[in-house]
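Remarks on the overall topology
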Amino acid sequence: MGQAEDTTKITIPRGIVFVVSAPSGAGKRTVLERVFAQDARLGLSVSATTRPPRTGEVHGKDYYFLDRDTFARRVQAGDFVEWAEVHGNAYGTLREELDRLLASGKDTVLELDVQGMRNVKRIGLDAVTIFIMAPSMEELKRRLRARGTDSAEVVDLRLANARAEIAARGEFDYVIVNDRLEDAAADLAAILRAERCRARRQPMEDEWTHMEDR
Ligand code: ADP
Ligand code: 5GP
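Cut-offs used in this document
- Residues numbered from 1 in each chain as written.
- Chains lettered and ligands numbered in written order.
- Predicted model: local features only at pLDDT ≥ 70, side-chain atom pairs only at ≥ 80, totals over all residues.
- Heavy atoms only, no water.
- Salt bridge = Lys/Arg side-chain N within 4 Å of Asp/Glu carboxyl O.
- Buried < 20%, exposed > 50% of the residue type's maximum accessible area, 1.4 Å probe, protein only.
- Helix = DSSP H or I, 4+ residues; strand = E, 2+ residues; numbered from the N terminus.
- Pairing = 2+ DSSP bridges.
- Near = heavy atom within 4 Å.
- Polar contact = N/O pair within 3.5 Å; in protein donor to acceptor, adjacent residues only side chain to side chain.
- Phe/Tyr/Trp six-rings, centres within 6.5 Å; stacked < 30°, edge-to-face > 60°.
- Contact = heavy atoms within 4.5 Å.
- Axes fitted to C-alpha atoms, helices over the stretch in contact; angles between N-to-C directions.

1. Focus: the pattern of salt bridges
Throughout the structure, instances matching the rule amount to 24 salt bridges. With a shortest N-O distance of 2.8 Å, Asp 79 and Arg 74 are connected by a salt bridge. What makes Asp 79 partly exposed here is its relative accessible area of 25%. Judged by its relative accessible area of 22%, Arg 74 falls in the partly exposed class. Put simply, Arg 51, Arg 54, Glu 57, Arg 147 and Asp 150 are held in one network by salt bridges that share partners.

Here's what the structure looks like:
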């Protein structure tokens, strides 16, 4: 017989945090939508932003759209896990949003820019980081323009920022080239699947734990 163990101890399942970054227009939203449609264990953390809503975007679903003053007040109040200025607007991850998703046991996707990814690592959050990129700069330009949601000036700013973001891809755990959409979605699903199988993420107190005692 082994030592008496405290079998009342239970491991609360806590979800995995996945940070997904991409230069604007690389297809991050499109790839994520595909994967979300087939993965019920995945939750998306809705960020707050000062960017005005695009046509069709819904408050609370795509973003929490805040004015500058409200955003600044919430920064002061410590409501954000991380926040950054991206393409001329402020974006941030709300602490209550992330906590709610993780406590519900969902694996949670944070859509962050590269600064956001770095901040998440700096504060010591255990996160798997994934970078999605278009196959070429030409294709990135084409997609950004074809999307038709941004003015020419906004497109130019986003393209200028893309170079620096792509240069930082080596800081991520995984890189996905979004050439064919089906392949990119399959790559992302495979990464999620493999990360869930990591030994360190398995419950250590289960029916196999005291097998040698029986
Ligand atoms: P992001 O979220 O990275 O800014 P989107 O998901 O909005 O990018 O995609 C930008 C544009 O590129 C959209 O019009 C989308 O339909 C298109 N797109 C996304 N992935 C692909 C792909 N693999 N091949 C061709 N077009 C794509
Ligand atoms: P968009 O305006 O196209 O929706 O997003 C622009 C950029 O902001 C994207 O690179 C996106 O990943 C980033 N972003 C969105 N939400 C957050 C956030 O909460 N924090 C940070 N750091 N970046 C974000």
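2. So, the pairing of strand β5 (residues 80-86)
Within β5, 5 of the 7 residues are buried, which leaves the element mostly enclosed by the surrounding structure. As defined by bridge partners, β5 adjoins strand β6 (residues 89-94) across 6 bridges and the pair is classed as antiparallel. In the strand pairing of β6, Trp 83 is matched with Gly 92. Connecting β5 to the next strand, β6, in antiparallel fashion are 2 residues, including His 87 with a positive phi near 50°.

3. Side note on the site of ligand 2
Within the structure, ligand 2 sits among 18 residues, and Lys 28, Arg 51, Tyr 63, Tyr 91 and Arg 158 are positioned closest to it. With respect to ligand 2, the side chain of Tyr 63 contributes an N or O atom lying 2.5 Å from an oxygen atom. Here Glu 82 contributes a side-chain N or O atom positioned 2.7 Å from a nitrogen atom of ligand 2. Listed by contribution, the elements that provide at least two residues to the shell around ligand 2 are β5 and β6.

4. Considerations on the packing of aromatic side chains
Taken as a whole, this structure holds 5 aromatic pairs when the rule is applied. For the pair Phe 131 and Phe 172, a centre-to-centre distance of 5.1 Å together with 50° between the ring planes defines the contact as tilted. Linking Phe 131 in strand β8 (residues 127-133) with Phe 172 in the loop between α6 (152-167) and β9 (174-177), this pair joins segments that are 41 residues apart in sequence. For the residue pair Phe 131 and Phe 172, the accessibility class agrees, reading buried in each case. Three or more aromatic residues joined by ring pairs make a cluster, and in this case those are Tyr 63, Phe 65 and Tyr 91.

5. Points about the pairing of strand β7 (residues 107-111)
Burial analysis of β7 places 5 of its 5 residues in the buried class, the great majority of the element. Taking every second residue as pointing to the same face, both faces of β7 are buried, with Asp 107, Val 109 and Glu 111 on one and Thr 108 and Leu 110 on the other. For strand β1 (residues 17-21) and β7, the ladder comprises 4 bridges, and the chain directions are parallel. Across the sheet, residue Val 20 finds its bridge partner in β7, namely Glu 111. Here strand β2 (residues 42-44) pairs with β7 via 3 bridges, running parallel. The residue of β7 that forms the bridge with Leu 44 is Val 109.

6. Digging into the sheet that holds strand β4 (residues 64-65)
Reading across from one edge, β4-β3-β6-β5 is the order of the 4 strands in this open sheet, with mixed pairing throughout. Single-partner strands in this sheet number two, and they are β4 and β5. Strand direction decides the pairing type here: strand β3 (residues 48-49) and β6, joined by 2 bridges, are antiparallel. Paired with Thr 49 across the bridge in β6 is Tyr 91. Seen against the sheet, helix α3 (residues 95-103) touches β4, β5 and β6 and runs at an angle of roughly 35° to β6.

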